[in-house]
Amino acid sequence: MNLPLRIAVLGSGTGSNFAAILDAIHARTLRAEIVLALTDEPTSTFLTLAQNDHLPTAVIDCGPHPLRTTDASQQAIHDHLLAARPDVIVLAGFMRILKDPTLTTFADRILNVHPSLLPQFKGRHAVRDALASGQTTTGCTVHLVIPEIDAGRVLAQASVPILPTDTEATLHARIKQTEHTLLPQVLSTWPH
Ligand code: GAR
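Residues numbered from 1 in each chain as written. Predicted model: local features only at pLDDT ≥ 70, side-chain atom pairs only at ≥ 80, totals over all residues. Heavy atoms only, no water.

### Re the overall build of the chain
Rule in force here: Only DSSP runs of H or I covering at least 4 residues are called helices, and only runs of E covering at least 2 are called strands; the numbering of each starts at the N terminus. In this treatment the radius of gyration is a C-alpha quantity, and the globule benchmark scales as 2.2 Å times the residue count to the 0.38 power. Accessible area is worked out with a 1.4 Å probe on protein chains only. A residue is then buried under 20% of its type maximum, exposed over 50%, and partly exposed in between. Note on contacts: a residue pair is in contact if any heavy atoms of the two residues lie within 4.5 Å. Charge counting treats Lys and Arg as positive and Asp and Glu as negative, with His and both chain ends excluded. Here the site of a charge means atom NZ of a Lys, CZ of an Arg, CG of an Asp or CD of a Glu.
Looking only at helices and strands, the chain has six helices and seven strands in total. Ordered by position from N to C terminus, the α and β elements of the chain give β-α-β-α-β-α-β-α-β-α-β-β-α. Taken over C-alpha atoms, the radius of gyration comes to 16 Å for the chain, in line with the 16 Å a tight globule of 192 residues would show. Taking the principal axes of its C-alpha atoms as reference, the chain extends roughly 45 × 40 × 30 Å. For the chain, the residues scored as buried account for 48% of the 192 residues in total. Considering only intrachain contacts with a sequence separation of at least 6, the fraction spanning at least 24 residues in the chain is 63%. A gap of 3 Å separates the mean positions of the 14 positive and 17 negative side-chain charges of the chain.

In structure tokens:
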């Protein structure tokens, strides 16, 4: 029998996708173990979730600017990941751009969940941009991470309707519900 999938998760915020992964592991629909929960936000719910489950954690100071991480922080992320020996790395609401050396060392083993039907609405404001577009459908995507932002191979996608009454918050909440099914599904059939 195969060993459980070793998953490292990187997150910055509320950690609802991380919670969905943990729920799937606890429910045994996903045979996996979390070998690292890494965050850039020491006060995040993401970190609290990991601590409550007594999981290995790392907090990395990535610097003040969300889009400009220091080289030292990228090296620290890499070193923590190397030590954790993950089979797969999941960016679950990690709001920093992951760069080398991690992208090269773990090529084709890093996936990201993004709140749009890529290639539509790349970037940090995907939900806001979908709402502003006037379209009636958006969704979420699980894709491989490559140096170009939100441009790696798509592994799975699911649609979510945009309702006339939606705000960015209500739409994002519905997209997240869909992510919570899609992401554990992708992991349960890893590798792709
Ligand atoms: C999710 O909707 C995820 O798709 C998005 O951040 C949210 C994290 O929520 N990621 C991005 O926008 C990445 N560009 P969570 O912390 O509750 O899982």
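That covers the picture; the talk isn't over yet.
### What to know about the site of the ligand
Rule in force here: Near residues are defined by distance, with any heavy atom within 4 Å of the molecule or strand qualifying the residue. Throughout this description, a polar contact denotes any pair of N or O atoms lying within 3.5 Å of each other; where both atoms belong to protein, one of them has to be capable of donating a hydrogen while the other can accept it, and for residues adjacent in sequence the pair is counted only when both atoms sit in side chains. Note on areas: Shrake-Rupley with a 1.4 Å probe; residue coverage comes only from the protein chains shown. Under the scheme applied here, ten amino acids are nonpolar (Ala, Val, Leu, Ile, Met, Phe, Trp, Tyr, Cys and Pro), four are charged (Asp, Glu, Lys and Arg), and all others, including Gly, are polar.
Neighbouring the ligand are T14, G15, S16, N17, G93, M95, V113, H114, P115, H172, K176 and E179. Between the ligand and N17 there is a distance of 2.9 Å, counted from an oxygen atom to a backbone nitrogen or oxygen. Within the backbone of V113, a nitrogen or oxygen atom sits 3.3 Å from an oxygen atom of the ligand. Relative to its free-state accessible area of 450 Å², the ligand is covered by the protein chains to the extent of 92%. Listed by contribution, the elements that provide at least two residues to the shell around the ligand are α1 (16-26), β5 (110-114) and α6 (168-188). For the shell around the ligand, the element with the most residues is α6, which contributes three residues. When the residues that make up the shell around the ligand are grouped by side-chain class, the tally is three nonpolar, seven polar and two charged.

### What about unusual backbone geometry?
At the junction of D100 and P101, the peptide bond is cis and its omega measures out at 10° in the coordinates. Looking at the element boundaries, P101 is found in the loop between β4 (88-91) and α4 (102-105). In this structure, the amide linkage connecting W190 to the following residue, P191, adopts the cis form with an omega of 0°. The residue P191 is located in the segment after α6 in this model. The backbone of R85 shows a phi angle near 50°, a positive value even though the residue is not glycine. Take R85: it is sitting in the loop between α3 (71-84) and β4.

### Notes on α6
Condition: Each residue after the first adds 1.5 Å to the expected span of a helix. Bend at a given residue is defined as the angle between two axes, one fitted to the seven residues that end at that position and one fitted to the seven that begin there.
Under the 1.5 Å per step criterion, the end-to-end length of α6 is 30 Å for 21 residues, consistent within 8% with the ideal 30 Å. The sharpest bend along α6 comes to roughly 25°, located at E179. Among all positions of α6, only L171, I175, E179, L182, L183, P184, V186 and L187 are buried.

### Brief notes about the packing of helix α5 (residues 126-133) against α6
This is how it is decided: A fitted line through C-alpha atoms represents every axis, and for helices the fit uses only the stretch in contact; the resulting angles, taken between N-to-C directions, go from 0 to 180 degrees. Any angle from 65 to 115 degrees is called roughly perpendicular, while one under 35 is roughly parallel, one over 145 is roughly antiparallel, and all others are oblique. By definition, any crossing whose near helix is turned counterclockwise from its far helix by less than a right angle is left-handed, and any crossing with a clockwise turn is right-handed.
Viewed as axis vectors pointing N to C, α5 and α6 meet at an angle of 115°, and their least axial separation amounts to 9 Å. Between α5 and α6, the crossing angle belongs to the class labelled roughly perpendicular. Pair α5 / α6 crosses with right-handed handedness. On α6, the residues that touch V127, R128 and L131 of α5 are E168, L171, H172 and I175. Among the residues forming the contact of α5 with α6, the class breakdown is four nonpolar, one polar and two charged.

### Brief notes about the packing of aromatic side chains
We apply this condition: Classification of ring pairs rests on two measures: the distance between centres of Phe, Tyr or Trp rings, Trp counted by its six-membered ring, which must be within 6.5 Å, and the angle between planes, read as stacked under 30 degrees, edge-to-face over 60 and tilted in between.
Under the criterion given, the structure shown has one aromatic pair. Their ring planes at 35° and their centres at 4.7 Å tell us that F18 and F46 sit as a pair that is tilted. Here the residue F18 occupies a position in helix α1, and F46 occupies one in helix α2 (residues 45-52), the gap between them amounting to 28 residues. Judged on exposure class, the residue F18 and its partner F46 are both buried.

### Digging into α1
For α1, the tally of buried residues reaches eight of eleven residues, placing the bulk of the element in the interior. Looking at the buried positions of α1, the neighbouring elements they touch are β1 (5-11), β2 (32-39), α2, β4, β5 and α6. Of the residues one or two after α1, R28 is the one with positive phi, at around 65°.

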